[in-house]
Each structure stands twice: as structure tokens, then as C-alpha cells.
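A structural walkthrough
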Amino acid sequence: MGSNGTIRVGVVGVGRGQSFARGAGPSVGMELVALCDTWESRLKEVGASFGVATYSDYDRFLEHDLDAVILANYFHQHAPFAIQALAAGKHVMSETSANKTLAEAVALCRAVEASGCTYMLAENYPYTAFNQELARLYREGEIGRVLYAEGEYNHPMSPEDRMRISPGRNHWRNVLPSTYYCTHALAPLMCITDTRPVTVNGLSSAGQEINRHTVRTRDPGSVILCRMDNGAVFRIMGLGLPGHSNWYRLHGTRGAMEITRGAGYFGPGEVRVWHEPWDVPEGTELERTYVPDWPEHGDLARAAGHGGGDFWTCFHFANAIHAGGQPYLDVYRGVTMSSAGILAWKSALEDGRPFEVPDFRDEAARARRGAFWAAWSRARRIWSMRGGSGGRVGMRGSRRQAGRTDTRACRTHRSGGASRRIRPRGGTP
Ligand SMILES: NC(=O)c1ccc[n+]([C@@H]2O[C@H](COP(=O)([O-])OP(=O)(O)OC[C@H]3O[C@@H](n4cnc5c(N)ncnc54)[C@H](O)[C@@H]3O)[C@@H](O)[C@H]2O)c1
């Protein structure tokens, strides 16, 4: 650690990673010291604006004097990067998703255990003011035990914006099954109720016309039904269907609560709680709707992105490192929610058959469920069978490489085992 116990942080990926570069500051006891990206021109620009060391090679980046690594590289390449950083003795906070296969989930759990380092999934949606308020109400027993809940992260974007943030046919956003991006909808519900999914059923909606002005080849939306470990049923919906919606609702044995729907990224940010007239807990109103405040650190959270979530992930990561332990969004919860999305896609391919989500804390369950499986290779086969049709190709200049990196990773998935290390190198993206 630096002077005064400051955590020296390096960030991988200068797209989304810039939020972490800004967030890893003195307010959470961190200092940004290095950035890494294979997109060299952008890396230089961003590195100069932050005034820190830059690396286009991940191995060399890990040799920098760092305590912690924040991973905001490609969605499906986080686990191998995390495993390598943990082996080098670095604490890791990883963007979603934690893993792209169940075998990677097992390898990641083992890597965290062997390293003794802190690992956190940077799921920021549980940390909006309203989701923290729902968690407080739940802890205090306002709605009793959850029986049913709904979470939606449905974030359609204009074709121009989708092409801008997902350049190239092989960019992960263009081949990603919609169930894989389930954590923004599922994580808040898991955190509010402290439950985890034990089985999932997935169903996906086709709608190729939604993708006709982009190169995306996958479904625009899906629903996952999760049976939770307390018996409750959660419905998770996303991802890019027309009709934006970030929304959460929970029904319990003694009432219900939700965030209200409405215009805006998170709607009006209100919490609504209601009860049945014959069962209103003492000292509680039949129904109330209000805009909740932050539990603490409102000034810092309000200045951060994603409804304050981007402050809280850095805050909890730093606190866990200082405490020498693991945060609430630890590796087990991280791989569980990521694997729920993977298994839901398997289920959708079989029209909704239930799939068990392993308990990754249990070595026996890991051994049984360590199967190597990924939708990526299948996505690419379908793509090549279609002869590559499906819209304009939005690759320009140096970002063309983004697709190549994806391709290389897919090849590695097909041929490699759980512990095989992917070391994408060099190249200007
Ligand atoms: N939690 C949120 O609110 C939120 C919002 C946006 C993105 N994300 C996540 O952040 C991650 C990154 O997304 P993005 O929007 O920046 O788009 P992206 O995935 O296209 O960008 C990834 C960046 O990593 C770089 N990169 C790729 N391979 C690399 C390597 N081997 N070494 C170094 N750098 C490499 C790329 O050049 C690119 O700049 C994804 O996992 C995404 O899901 C999360």
C-alpha cells in the first residue's frame, strides 16, 4: 500500500474503465497509478488526462507497483485476467460478468481462495439510493419473507449508439445472448433479500428486425425465472427490447414494495411500499411512496455515475481490502449471478427446461458442475452458417481489432480447459 494506507489501483480498459479511474480517488482511500488497454491511441489520450503510467501489455501492467486491479476489459474476458492478477497478489474488482463458463467460475473461486486477496464483482445496481432503501426495508421486516420478485434491466439503444459501443461483428455486444447480461436485474434482488438462485428457466424472444440496422446477431430480449434458495421465484427481464426499463418489485409474506415506473433511466427514483388492509404491520401506513435518501455519503454518491452505484462499488472494494476480507458481492455471489445467465441461455435453447445453479462454495458441487460450456462458439457457428449476413459492418480504423480479440478468445474457449490462461497481447485495438 502507498503512504497512509492508500490503495494503489490500476484499471484495465479505458472505456467504462474511466468511471473507475475517476472513482478510485482519495474519497475511498485509493489512488489511480496505471491504466492498461490494447487500444494504444485512446490509452495515450486517457493516460495523459489522468497523468498516470500506461501499458498496452497486461503482463507488464501487473509488474507496476499496484495493490489492486479493476477490470473493465471485454465482458467475456474478465475471469482469466482476474485469475492472473490474483496469482500476482493483486486484489481484484471485476466488471460484470465474472465468468463466461461454469468452468471459469470454478477456476475463479479457487484462485480467490488460493490468493487470500479480495475479489469483488463490481455490480453497481444494488447501490442506487432506492435499492439500498429496499434492502433496508427488507432487513427491517416490512414485507416479511420474499415470495416473488421482479427485476428488469432493459436498455435499448439507438442503432448509432449500439454501433459506436460495439464495433465489429465479433464484438461481445453483438453476439452476447441477452440472458448473459442479467446481473443488473438480478443482483439488486439478491442483495435486498440475501438469497441466491438454485435453478433457472430461460425463454428468449426472437425479433431480428430490432437488430436490422446493426450487426448484432443475438436475441434482443429474454426472461429468466429463478427458483431462489428460500423457495421464492424471481423473474428477471432484459435486455434491449423497445421500452426502456430499470425496475424492481418484491412481494413478501406481509406486503410488497417496488420502485415506481416512469420516465428516466431509473424512473422517478421513488420507493412505493404497500400492505393489505387486513395485515398492516403496527406503526406502518397502508401505502406510502417517497424518494429515499442515501444511508450515508450522499454527497459522494450523487456525484458518481449509474445512480451513485459507481461510488459504492469502489467504496465497498476499498473497505474490504482494508478489513482484509471479502465484500458482500464476493466471488461466490459474482459467479452465481453470472452463471445464472449462462445456464438460462442453455435453458432457452431447450425451450425453458430448468437448469440447476451450482453452489460454488461447495467443492463437491464444483466438481460435479465444472463442465466447460459457452454460447460463444455456437454463436459463431450460427453466424458463419448465415454467411455473415445481418447488416452493416461498423468497424472503422483501429477499433477493427476489437473483433479479432474476441475471435481469438472464442478459439481458446473451444480448445482450452478451465484453468487455461488467455493472454491476449499486443496489437492496437
Ligand atoms: N456496470 C455498468 O454500469 C457498466 C457500464 C458499461 C460497461 N460495463 C462493463 O464494462 C466492461 C467494458 O465495457 P465497455 O463499455 O468499456 O466496452 P468494451 O468492452 O468494448 O471495452 C473494453 C476495453 O477493454 C480494452 N481491452 C480489450 N482487451 C484488452 C486487453 N487484452 N488488454 C487491455 N485492454 C483490453 C478494449 O480495447 C476496450 O477499450 C464490460 O464488461 C461491460 O459489461 C458495465
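As the structure is a prediction and not an experimental result, all values here were calculated from the model. In every chain, residue numbers begin from 1 and rise along the written sequence. At least 70 in pLDDT is required for a residue's local features to be given in this predicted model, at least 80 for side-chain atom pairs to be given and counted, and no such filter applies to totals for whole chains, interfaces and linings, which use all residues.

**Description of the overall build of the protein chain**
Selection criterion: Helix numbers and strand numbers start at the N terminus; a helix is a DSSP run of H or I with at least 4 residues, a strand a run of E with at least 2. The exposure label follows from counting other C-beta atoms within 10 Å of a residue's C-beta, where the C-beta atoms are placed from the backbone and the thresholds are 20 or more for buried and 12 or fewer for exposed, leaving partly exposed in between. A residue pair is marked as a contact if its C-beta atoms, positioned from the backbone, fall within 7 Å.
For the protein chain, the helix and strand inventory stands at 15 helices and 16 strands. Counting only residues that meet the buried cut, the protein chain has 51% of its 429 residues in that class. Sequence separation of at least 24 residues holds for 72% of the intrachain contacts in the protein chain that already meet a minimum separation of 6.

**So, the sheet that holds strand β6 (residues 119–121)**
Stated precisely, the cut-off is as follows: When DSSP finds at least two bridges between two strands, those strands are taken to pair. Fitted lines through C-alpha atoms serve as axes, helices being fitted only where they are in contact, and the angles separating the N-to-C directions of these axes extend from 0 to 180 degrees.
Pairing in this open sheet of 6 strands is parallel, and the strands run β3-β2-β1-β4-β5-β6 from one edge to the other. With one partner strand each, in any of the chains shown, β3 (53–55) and β6 form the two edges of the open sheet. Between one strand axis and the next, the sheet turns through 25° on average, direction left out of account. Pairing of strand β2 (residues 30–36) with β3 involves 3 bridges; the strand directions are parallel. Directly across from C36, in β3, lies its bridge partner Y55. Packed onto the sheet, helix α4 (residues 78–87) meets β1 (7–12), β4 (68–71), β5 (91–94) and β6 and runs at close to 165° relative to β5.

**Brief notes about helix α6 (residues 129–139)**
Along α6, the positions that sit buried rather than exposed are A129, F130, N131, Q132, E133, L134 and Y138. If you follow the buried residues of α6, they end up packed against α9 (183–193), β11 (245–252), β12 (255–259) and β14 (271–274). With its phi angle positive at about 85°, G141 sits one or two positions after the end of α6.

**What about the environment of I342?**
Among the secondary structure elements, I342 is positioned in helix α12 (residues 331–349). Note on I342: 28 C-beta atoms within 10 Å, which makes it buried. Remark: the alpha-carbon pair of I342 and L102, spanning 240 residues in sequence, is separated by 8.0 Å. Excluding its chain neighbours within four sequence positions, the residues that come into contact with I342 are T101, L102 and Y180.

**Quick look at the sheet that holds strand β10 (residues 233–239)**
Strand pairing in a sheet relies on backbone hydrogen bonds, with the paired strands running either antiparallel or parallel. An order of β15-β14-β12-β11-β7-β10-β9-β8-β16 is seen for the 9 strands of this open sheet, with the pairing classed as mixed. Edge positions in the sheet fall to β15 (287–290) and β16 (355–356), since each has one partner strand and no second. Two elements, strand β9 (residues 221–228) and β10, share 7 bridges in a ladder whose sense is antiparallel. By the bridge assignment, L225 is partnered in β10 with R235. Across the sheet, α6 touches β11, β12 and β14, and the angle it forms with β14 is around 25°. On the sheet, α12 packs against β8 (197–205), β9 and β16 and is oriented at approximately 50° with respect to β8.

**Describing helix α2 (residues 40–50)**
Put simply, the test is: Regarding the arc, it is the one traced by the directions from the helix axis to the C-beta atoms.
Residues of α2 that are buried include every one of L43, V46 and G47, and no others. The buried residues of α2 occupy one face: seen down the axis, they fall within an arc of 105°. Seen from the buried face of α2, the exposed residues on the opposite side, beyond 90 degrees, are E45, A48 and S49. On the buried face of α2, the contacting elements are α1 (17–23), β2 and β3. One or two positions beyond α2, positive phi appears at G51, with a value near 65°.

**Overview of the pairing of β5**
The criterion, for reference: Crossover handedness is defined here as right-handed if the route from the first strand over the helix to the second strand goes clockwise, with the strands pointing away from the viewer.
What you see with β5 is no split at all: H91 and M93 on one side and V92 and S94 on the other are buried throughout. Regarding topology, α4 serves as the crossover connection from β4 to the parallel β5, and that connection is right-handed. Relative to β6, β5 runs parallel, the two sharing 3 bridges. Note that in β6 the partner of M93 across the bridge is M120.

**Description of the packing of α4 against helix α5 (residues 102–115)**
Selection rule: Just so you know how the angles are binned, under 35 degrees is roughly parallel, over 145 roughly antiparallel, 65 to 115 roughly perpendicular, and the rest oblique. Handedness of a crossing is defined here by the sense of rotation of the near helix relative to the far one, left-handed for an anticlockwise turn of less than a right angle and right-handed for a clockwise turn.
Viewed as axis vectors pointing N to C, α4 and α5 meet at an angle of 15°, and their least axial separation amounts to 9 Å. Judged by the angle between their axes, α4 and α5 are roughly parallel. The handedness of the crossing between α4 and α5 is left-handed. Note on element contacts: α5 touches α4 through E104, A107, L108, A111, V112 and S115, opposite A79, A82, I83, L86 and A87.

**So, the pairing of β12**
Counted residue by residue, β12 has 5 buried out of 5 residues, so it is predominantly covered. Here β12 shows two buried faces, one formed by G255, M257 and I259 and the other by A256 and E258. By the bridge criterion, 4 bridges tie β11 to β12 in an arrangement that is antiparallel. Bridge assignment links G252 to a residue of β12, and that residue is G255. Connecting the antiparallel pair β11 and β12 is a turn made up of 2 residues. Pairing of β12 with β14, which is carried by 4 bridges, proceeds in the antiparallel orientation. Within β14, the position partnered with M257 by the bridge is V273.

**Some remarks on unusual backbone geometry**
Backbone geometry follows two general trends: most residues other than glycine have a negative phi, and most peptide bonds adopt the trans configuration. Residues T96 and S97 are joined by a peptide bond in cis, for which omega reads 15°. Position of S97 among the secondary structure elements: in the loop between β5 and α5. Although it is not a glycine, D194 sits at a positive phi angle of roughly 50°. Structurally, D194 is set in the loop between α9 and β8.

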